[in-house]
Amino acid sequence: MALKLIQRIPFRIRCYPAGSVRPLSTSSQVLCVTCLCTSAGRCIRIWGCRKLLQDSVTRSLTTIFREPAFITSSSVGIHRDSVPRFCLTQLHRPTAIEEQSFLHRLETCSSSRQVFRLLCSVEIMSDTMAAAALHRVADLEQEGGALTNPTVLEEATIRALCFQLEQDSGRLTNAGLVSALLACTRLYLDPWSTLMVRLMSESQARLDRGEMTIGELCTLGQAMLAIEGPGSVMLEQLMEQIQRQELSNWSLADLVAVYRLLQGGVGVDRKYRDLLNAMHSHAVTVTPCMDPAAVSGVLGALVTLNQMQAMPLVINLCKQAVRHVPHFTDEELTHVLGALMHFGHSDHYFMGAMEKYVPTVAFTSHPETITKVMQFFGRRNILSPPVFDAIAESFVYRADDYSTSQVARQIMAFGKLGYLPPNAGQVFRKVETILHTRFSHFQPRTLLNLLHACILVERFPVNFVSKVFSSYFIQQLQEQSMGIDRAALAQLTQLYMTVKLECPFYEGPKLLPKYRVKSFLMSGRSLETPVDPHLYNSVKTGLVDLLGDRSYFGSKVLTPYCYTLDVEIKLDEEGYVLPASQTDDVYKRIALCIDGQKRFTSNLRQLLGKEAIKQRHLRLLGYEVVQIPYFEFEKLQSKTSMVEYLHQKIFPHTYRLSW
């Protein structure tokens, strides 16, 4: 019978790739779920079933049931004897309240054994409740693309439930059918098992009849993605049915479900572009109705599908996220922050909500969520002392439980924004302890990022820089990234400059000249921020009037120390300005740092870490550093006031002559 069933299936069933399919048993004795077993446990095989087992390279579901009875009823009921048994019925389904109560109790289960006890305690259970129980087992047992405890599938309760779903697949509701199929894929059941074959065959029949709602189609689509991948014929068929539905008739749940389906792989390679654009336009109108899960889900889908053209929707979702900040789960907030970083968007109200919320959960939220918060603030150049101080305090107590990547990413945010929290001493002592105890656990690039972030805030990891200057470490760095890039070499060079300039007692290995860059100014991850062109032109005009000629100052001068000066002015021993081209008799060099908005944090007038270290190093190298911040210079309305301002900044103790 099982063989005939497979021959009647109008589509091809593919096996999971090697290593991804977990049969229910690894026993050498394979028992088939379609076999009737006696109470003594002896399998009475049917001839067709035995032939199927001989012909197939995969193993059937190994479940044994005593005296399976065929009962035409509606819900799943449990027979009270030594082995749990379930039956399906179309009569006396649980009420909505009873079903919601069951689902709530299911969510509170913290182990599969608790799920099984709950199943055995329920008098009446619908097929959707049964499928939900399988999903909960998958939630509890899934880890890294496999089950942490595959023997959970040998439990009598789950075997009985799977057996009855198989026997009565034709009587399941659409929602129960597709949900059960998806749950089976999450439990990594063999696609060739009789249970999976019957569920897929029934799903195909109902799909052909066009009986399913959008939500049911999406659930079926997720299951087929897991079984056959994006090339599934059933996927194409159900996507055609989804596209025929009028968008204005979709519920919010339908909209989110389709986004998740497209995110899962159906919408890759710019497929269904017209459908996506129509969904974006519709989603903008219903954003105010979205709950936290919907906001997070849609934003996550937009990131996966790289929908950069959907910025109006992203902006609306960010506004909606403001009211949900205290209600997001850790996972949802992580997705929201990741999406806002991806699209480069944030607003004042969202930041305000985060400043209120994060300090209250810094000690309890998931480490990855806390890390993502720091990454978000760092990426957006937003310095929030309440958030950074709270996370710094929690770091001291929680860092031992963080991964090396999480430790590095949190410290990188402090370094980028050039901020030291009040407990900086404790924070960096903790960092040093972690480096001592887990040094070998750090990936080379992660370690380099961490050490570089430390020097940006004047914390010098002298005990560890000697190791990153070694040929062995640089070789590891090259192997990890398939060749070392200029950004990494620039970080190594700046580390080396730091220990030479600020740690004169350092006597460890040197960074070989072949690994040193000539300039820190580069495209991409530059260690310097290019000068703002508009601000530079305004300052240049004032300098010409102040000094009398354009030849008396140099622009964008690359120093022998890798830094690029916005403007350089040379003075002789008596304080007279020398032509920029003159190299002899130079007694003093003045470096003008024309600092535009991008060199400061976006909300506070604090220099970014990379700009602070540049000015610090220039002073140590003998330059007189004069800072021209945008917020001072842009206030000047007249040419005269600009010249006077520059004179007071550059020559504060010298009387100005008029040319």
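Here the structure is a predicted model, which is why all the values come from computation and not from measurement.

Reading the values: the criteria
The residue numbering used here restarts from 1 in each chain and proceeds along that chain's sequence as written. Restriction of local features to residues with pLDDT of at least 70 applies here, the model being predicted, together with a cutoff of 80 or more for giving and counting side-chain atom pairs; totals for whole chains, interfaces and linings are based on all residues. Only hydrogens and water are set aside; all other atoms, that is, all heavy atoms of the structure, feed into the side-chain values. Secondary structure elements follow DSSP: runs of H or I no shorter than four residues count as helices, runs of E no shorter than two count as strands, and numbering proceeds from the N terminus. Partly exposed residues are those whose accessible area sits between 20% and 50% of the maximum for their type, while under 20% is buried and over 50% is exposed, using a 1.4 Å probe and protein chains only. Note on contacts: a residue pair qualifies if any of its non-hydrogen atoms lie within 4.5 Å across the two residues. Throughout, the Shrake-Rupley method with a 1.4 Å probe supplies accessible areas, and for residues the shown protein chains are the sole cover considered. What we call a nonpolar core is a set of buried Ala, Val, Leu, Ile, Met, Phe, Trp, Tyr and Cys residues that are connected through their side-chain atoms within 4.5 Å. Here, strands pair whenever DSSP counts at least two bridges between them. As used in this structure description, the phrase polar contact means that two N or O atoms lie within 3.5 Å; if the pair is within protein, one of them must be able to donate a hydrogen and the other to accept it, and residues adjacent in sequence are counted only when both atoms belong to side chains. Here a helix's expected span is defined as the number of its residues, less one, multiplied by 1.5 Å. Residues qualify for a patch when their relative accessible area is over 30% and they have no salt bridge, like charges being joined within 9 Å and the nonpolar side chains of Val, Leu, Ile, Met, Phe, Trp and Tyr within 5 Å. Just to be clear on terms, a salt bridge is a Lys or Arg side-chain nitrogen sitting within 4 Å of an Asp or Glu carboxyl oxygen. Counted charges follow a simple rule, with Lys and Arg positive, Asp and Glu negative, and His plus the chain ends left uncounted. Where a charge lies is defined by one atom per residue type, namely NZ (Lys), CZ (Arg), CG (Asp) and CD (Glu). What counts as an axis is a line fitted to C-alpha atoms, over the stretch in contact for a helix, and the angles between N-to-C directions run from 0 to 180 degrees. These descriptions rest on fixed angle ranges, namely under 35 degrees for roughly parallel, over 145 for roughly antiparallel, 65 to 115 for roughly perpendicular, and the rest for oblique. The hand of a helix crossing depends on one turn: near helix anticlockwise from the far one by less than a right angle means left-handed, and clockwise means right-handed. Under the scheme applied, nonpolar residues are Ala, Val, Leu, Ile, Met, Phe, Trp, Tyr, Cys and Pro; charged residues are Asp, Glu, Lys and Arg; polar residues are all the others, including Gly.

Some remarks on the overall build of the protein
Part 1 of the reasoning: Of regular secondary structure, the protein possesses 28 helices and 12 strands.
Part 2 of the reasoning: Counting over 659 residues, the protein shows a buried share of 54%.
Part 3 of the reasoning: Pairs at least 24 apart in sequence give 70% of the contacts found in the protein among residues at least 6 apart.
Part 4 of the reasoning: Of the roughly 30,600 Å² of accessible surface on the protein, a fraction of 52% belongs to carbon and sulfur atoms.

Focus: the nonpolar core
Part 1 of the reasoning: Within the largest apolar cluster, 172 residues are counted, with the highest numbers of intra-cluster contacts made by Tyr259, Phe350, Phe388 and Ile411.
Part 2 of the reasoning: Those residues within four positions of isoleucine 411 in sequence are excluded, and the remaining contacts are Phe395, Val427, Phe428, Val431, Leu450, Ala453 and Cys454.
Part 3 of the reasoning: Ranked by size, the runner-up nonpolar core spans 28 residues in total, among them Leu546, Leu571, Phe631 and Phe633.

A short note on the pairing of strand E8 (residues 554–558)
Part 1 of the reasoning: Looking at chain direction, E8 and strand E9 (residues 564–571) are connected through 4 bridges and run antiparallel. Paired with glycine 554 across the bridge in E9 is glutamate 568.
Part 2 of the reasoning: The hairpin turn running from E8 into E9, its antiparallel successor, is 5 residues long, and cysteine 562 in that turn takes a positive phi close to 80 degrees.

Examining the side chain of threonine 369
Part 1 of the reasoning: Among the structural elements, threonine 369 can be located in helix H17 (residues 367–379).
Part 2 of the reasoning: Take threonine 369: its relative accessible area is 3%, and that puts it in the buried class.
Part 3 of the reasoning: At 3.0 Å, the side chain of threonine 369 forms a polar contact with the side chain of threonine 334.

Details of helix H21 (residues 444–456)
Part 1 of the reasoning: The end-to-end C-alpha separation of H21 is 19 Å, in line with the 18 Å expected for 13 residues at 1.5 Å each.
Part 2 of the reasoning: Along H21, 13 of the 13 residues are buried, which leaves the element largely enclosed by surrounding structure.
Part 3 of the reasoning: Directly beyond the C-terminal end of H21, a positive phi value near 60 degrees is found at glutamate 458.

Some thoughts on a positive patch on the surface
Part 1 of the reasoning: Taken together, the side chains of Lys500, Lys510, Arg516 and Lys518 present a region of like positive charge at the surface.
Part 2 of the reasoning: By the element assignment, lysine 500 lies in helix H24 (residues 486–502).

Some details on unusual backbone geometry
Part 1 of the reasoning: Phi is positive for asparagine 306, which is not a glycine, with a value near 55 degrees.
Part 2 of the reasoning: You can see asparagine 306 is positioned in the loop between helix H13 (292–304) and helix H14 (311–324).
Part 3 of the reasoning: Taking relative accessible area as the criterion, asparagine 306 reaches 44% and is therefore assigned partly exposed.

Some remarks on H13
Part 1 of the reasoning: Over its 13 residues, H13 extends 18 Å from the first C-alpha to the last, a length consistent with the 18 Å expected when each residue adds 1.5 Å.
Part 2 of the reasoning: With 10 of its 13 residues buried, H13 lies for the most part within the structure.
Part 3 of the reasoning: When H13 is considered as a whole, its buried residues turn out to be Pro292, Ala294, Val295, Ser296, Gly297, Val298, Leu299, Gly300, Ala301 and Leu302.
Part 4 of the reasoning: Taken together, the buried residues of H13 touch helix H11 (252–266), helix H12 (273–286), H14 and helix H15 (330–343).
Part 5 of the reasoning: Immediately downstream of H13, the backbone of asparagine 306 shows phi near 55 degrees, a positive value.

Quick word on the side chain of threonine 564
Part 1 of the reasoning: Along the chain, threonine 564 turns up in strand E9.
Part 2 of the reasoning: We classify threonine 564 as buried; its relative accessible area is 11%.
Part 3 of the reasoning: The residues contacting threonine 564, other than those within four sequence positions of it, are Ser519, Leu521, Glu528, Lys556, Val557, Leu558 and Lys614.

Structural notes on the pairing of E9
Part 1 of the reasoning: Judged by how many residues are buried, E9 sits mostly within the fold: 8 of 8 residues are covered.
Part 2 of the reasoning: Sheet topology places E9 next to strand E11 (residues 588–595); 5 bridges connect them, and they run antiparallel. Residue pairing across strands places valine 567 opposite leucine 592, the latter belonging to E11.
Part 3 of the reasoning: As paired strands, E9 and strand E10 (residues 577–578) are joined by 2 bridges and run antiparallel to one another. Within E10, the position partnered with leucine 571 by the bridge is valine 577.
Part 4 of the reasoning: Connecting the antiparallel pair E9 and E10 is a turn made up of 5 residues, with glycine 575 showing a positive phi of about 95 degrees.

Here we look at the pattern of salt bridges
Part 1 of the reasoning: Counted under the stated rule, the structure contains 21 salt bridges.
Part 2 of the reasoning: Where glutamate 166 meets arginine 198, a salt bridge forms, and the shortest distance between an N and an O atom there is 3.6 Å. One end of the pair, glutamate 166, is in helix H6 (residues 156–167); the other, arginine 198, is in helix H8 (residues 194–208), with 32 residues separating them in the sequence.
Part 3 of the reasoning: Exposure remark for glutamate 166: the relative accessible area of 0% places this residue in the buried category.
Part 4 of the reasoning: What you see here is one network of salt bridges that share partners, running through Asp566, Asp595, Arg599 and Glu611.

Thoughts on the packing of helix H5 (residues 127–141) against helix H7 (residues 174–186)
Part 1 of the reasoning: Contact geometry for H5 and H7: axes closest at 8 Å, N-to-C directions at 20 degrees. In terms of their interaxial angle, H5 and H7 are classed as roughly parallel. The interaxial crossing formed by H5 with H7 has left-handed handedness. Contacts between H5 and H7 pair Asp127, Thr128, Ala131, Leu134, His135, Ala138 and Asp139 from the former with Ala175, Gly176, Ser179, Ala180, Leu182, Ala183 and Arg186 from the latter.
Part 2 of the reasoning: For the contact of H5 with H7, the per-class residue count stands at 7 nonpolar, 4 polar and 3 charged.

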